[in-house]
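Listed below, chain by chain, are the residues.
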Amino acid sequence: MNPHLDQLHPYPFEQLRQLFSGVTPNAAYSPISLGIGEPKHPTPAFIEKALMHAMSGLSSYPSTHGNDPLRAAIAGWLERRYGIPAIDPATMVLPVNGSREALFAFAQCVVDSSKGDALVMSPNPFYQIYEGAALLCGARPYYVNSEPGRNFAPDFGSVPDEVWSRVQLLYVCSPGNPTGAVLTQDDWQQLFALSDRHGFVIASDECYSEIYFGTTPPLGALEAAHGLGRSGGERPYKNLVVFSSLSKRSNVPGMRSGFVAGDPQLMKKFLLYRTYSGGAMPPPVQAASVAAWNDEHHVQDNRALYREKFNLITPLLKGVMDVELPDAGFYLWADVRRSGLSDTEFARRLYAEYNVTVLPGSYLAREAHGVNPGRNRIRMALVAGVDEGLEAANRINEFCKGL
């Protein structure tokens, strides 16, 4: 067996299951889960129709590289969304079966495990796939804590040069899970300069980019790189790749459809890796994905639903906990110290007394540099309908006021 498997931590939802072990929730309330970030808005009918109309494609093996229409649709979306120069669909875009598996696989492709001191860096708190990818490719994770005073952006300036010199891969998540923080142009300029100096690769996870609350869309990594003159030359977007997905944008988590795009040299190697690992997207999913990437009306409608929910629910919760509207994404990242309970105690009692599930923030982070930045916080995924979200917020209010 791979000895690195023994280094893996339990997944947050397994920890939550153990936390709730032996608890019988109050039967007077129907269950409401704010724990899992699974979109619950209806899948647009035109995407379902495109999927069904392409079922004849099941009679053919799909190409790992994906078909030309899909890569062109993804490239076109990137160009429109971020205002960047033309992306070469043949060399700079690769469809993947959801960003999760690609984020994991990318580390196995990029990291040189023969160097025993290899580090893979990620924000803290973080999406646990980053940590698992680091451990299973034989590297060590290094966590950069998100700072409340920096609107929960990781403090990359606190990392010593000696650490940067060992980093082979940096995962960033913007907008962040769970904090909703969006990296600024200055943040990206700092990271690109560090990448140029130390040679590490940047993997930018941007799955929440289309759910935001202001009028300005979140800045993307390719957009930031273009603004800094890094989109041209012999190697455009050097040492940078971005990951995105239709799951949140288009409410199709079960379709498992996303992409990786960026530095053509890295993309060439990643395609080679995936040719052997078997990551081809089924033809009907490719057809439905083309339809989804080429349409923005359903994305605008989806975003409007999230804005309505957050604008109603956030003020309700501010009366009993420290919580603010995030930059983007569909999570509220709340400090519950005013309740007098830890994040785990809060989650367990809320589930027992009001049948509402939230995720303890400490499960999404690691103890690093003397602190667990998720401790005393909870993550609430506002993914269900407006009425259910309001019902959950009212129950949380009642729970907190009764403590």
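- Looking at an unreviewed UniProt entry, the chain carries the name Succinyldiaminopimelate transaminase, with the source organism given as Massilia phyllostachyos.

### Some remarks on the packing of aromatic side chains
Argument step 1. A full pass over the atoms with the stated rule returns 23 aromatic pairs.
Argument step 2. Both rings, one in Trp 77 and one in Phe 259, keep their centres 6.2 Å apart while their planes meet at 65°; by these two values the pair is edge-to-face. Note that Trp 77 is positioned in helix α3 (residues 68-82) and Phe 259 in strand β9 (residues 258-262), a separation of 182 residues in sequence.
Argument step 3. Their ring planes at 20° and their centres at 5.2 Å tell us that Trp 164 and Phe 200 sit as a pair that is stacked. Placement of Trp 164 in helix α7 (residues 161-164) and of Phe 200 in the loop between α8 (185-198) and β7 (201-205) is noted, with a sequence separation of 36 residues between them.
Argument step 4. Classification of Trp 164 as buried rests on a relative accessible area of 1%.
Argument step 5. Since its relative accessible area comes to 0%, Phe 200 is described here as buried.
Argument step 6. By way of ring pairs, the aromatic residues Tyr 29, Phe 346, Tyr 354 and Phe 399 are connected into one cluster.

### Considerations on the environment of Trp 164
Argument step 1. Between the C-alpha atom of Trp 164 and that of Arg 197, which follows or precedes it by 33 residues, the distance is 9.1 Å.
Argument step 2. Those residues in contact with Trp 164, other than ones at most four positions away along the chain, are Met 121, Phe 156, Val 159, Leu 191, Leu 194, His 198 and Phe 200.

### Here's the deal with the pattern of salt bridges
Argument step 1. All told, the structure shown has 19 salt bridges when counted by the stated rule.
Argument step 2. Here Arg 366 ties to Glu 131 by a salt bridge, and the two come within 2.7 Å at their closest N and O atoms. Here Arg 366 is found in the loop between β12 (359-360) and β13 (377-381), whereas its partner Glu 131 is found in helix α6 (residues 128-136), with 235 residues between them in sequence. Pair check on accessibility: Arg 366 and Glu 131 agree, each one buried.
Argument step 3. Across the pair Glu 353 and Arg 349 runs a salt bridge, and its minimum N-O distance is 2.9 Å. You can see Glu 353 and its partner Arg 349 sitting in helix α14 (residues 343-354), four residues apart, about one turn around the helix.

### Some words on the packing of helix α13 (residues 297-318) against helix α15 (residues 386-401)
Each pair of packed helices gets described by two things: the angle between the helix axes and the distance between those axes.
Argument step 1. At a minimum axis distance of 9 Å, the contact between α13 and α15 shows a crossing angle of 5°. Regarding the angle of α13 to α15, the classification is roughly parallel. For the pair α13 and α15, the contacting residues are Glu 308, Lys 309, Leu 312, Ile 313, Leu 316 and Leu 317 in the first and Val 386, Gly 389, Leu 390, Ala 393, Asn 394, Ile 396 and Asn 397 in the second.
Argument step 2. Its residues assigned to classes, the contact of α13 with α15 comprises eight nonpolar, three polar and two charged.

How each quantity is defined
- Numbering of residues begins from 1 in every chain and follows the order in which that chain's sequence is written.
- The predicted origin of the model limits local features to residues at a pLDDT of at least 70 and limits the giving and counting of side-chain atom pairs to 80 or more, whereas totals for whole chains, interfaces and linings rest on all residues.
- Hydrogen atoms and water are omitted, and side-chain values are computed over all heavy atoms in the structure.
- Only rings of Phe, Tyr and Trp enter the pairing, Trp through its six-membered ring, and a pair is recorded when the two centres are within 6.5 Å. The plane angle decides the type: under 30 degrees is stacked, over 60 is edge-to-face, the rest tilted.
- Going along the chain from the N terminus, every DSSP run of H or I of four or more residues is numbered as a helix, and every run of E of two or more is numbered as a strand.
- Relative accessibility decides the category of a residue: with a 1.4 Å probe and only protein chains considered, values under 20% of the type maximum give buried, values over 50% give exposed, and everything between is partly exposed.
- In what follows, a contact means two residues having at least one pair of non-hydrogen atoms within 4.5 Å.
- By convention in these notes, a salt bridge is any Lys or Arg side-chain nitrogen within 4 Å of a carboxyl oxygen on Asp or Glu.
- Under this scheme, a helix contributes an axis fitted over its contacting stretch, all axes are lines through C-alpha atoms, and angles between N-to-C directions fall in the 0 to 180 degree range.
- Orientation labels follow simple angle bins: below 35 degrees gives roughly parallel, above 145 gives roughly antiparallel, 65 to 115 gives roughly perpendicular, and whatever is left gives oblique.
- Any residue that is not Ala, Val, Leu, Ile, Met, Phe, Trp, Tyr, Cys, Pro, Asp, Glu, Lys or Arg is counted as polar, Gly included; the first ten are nonpolar and the last four charged.

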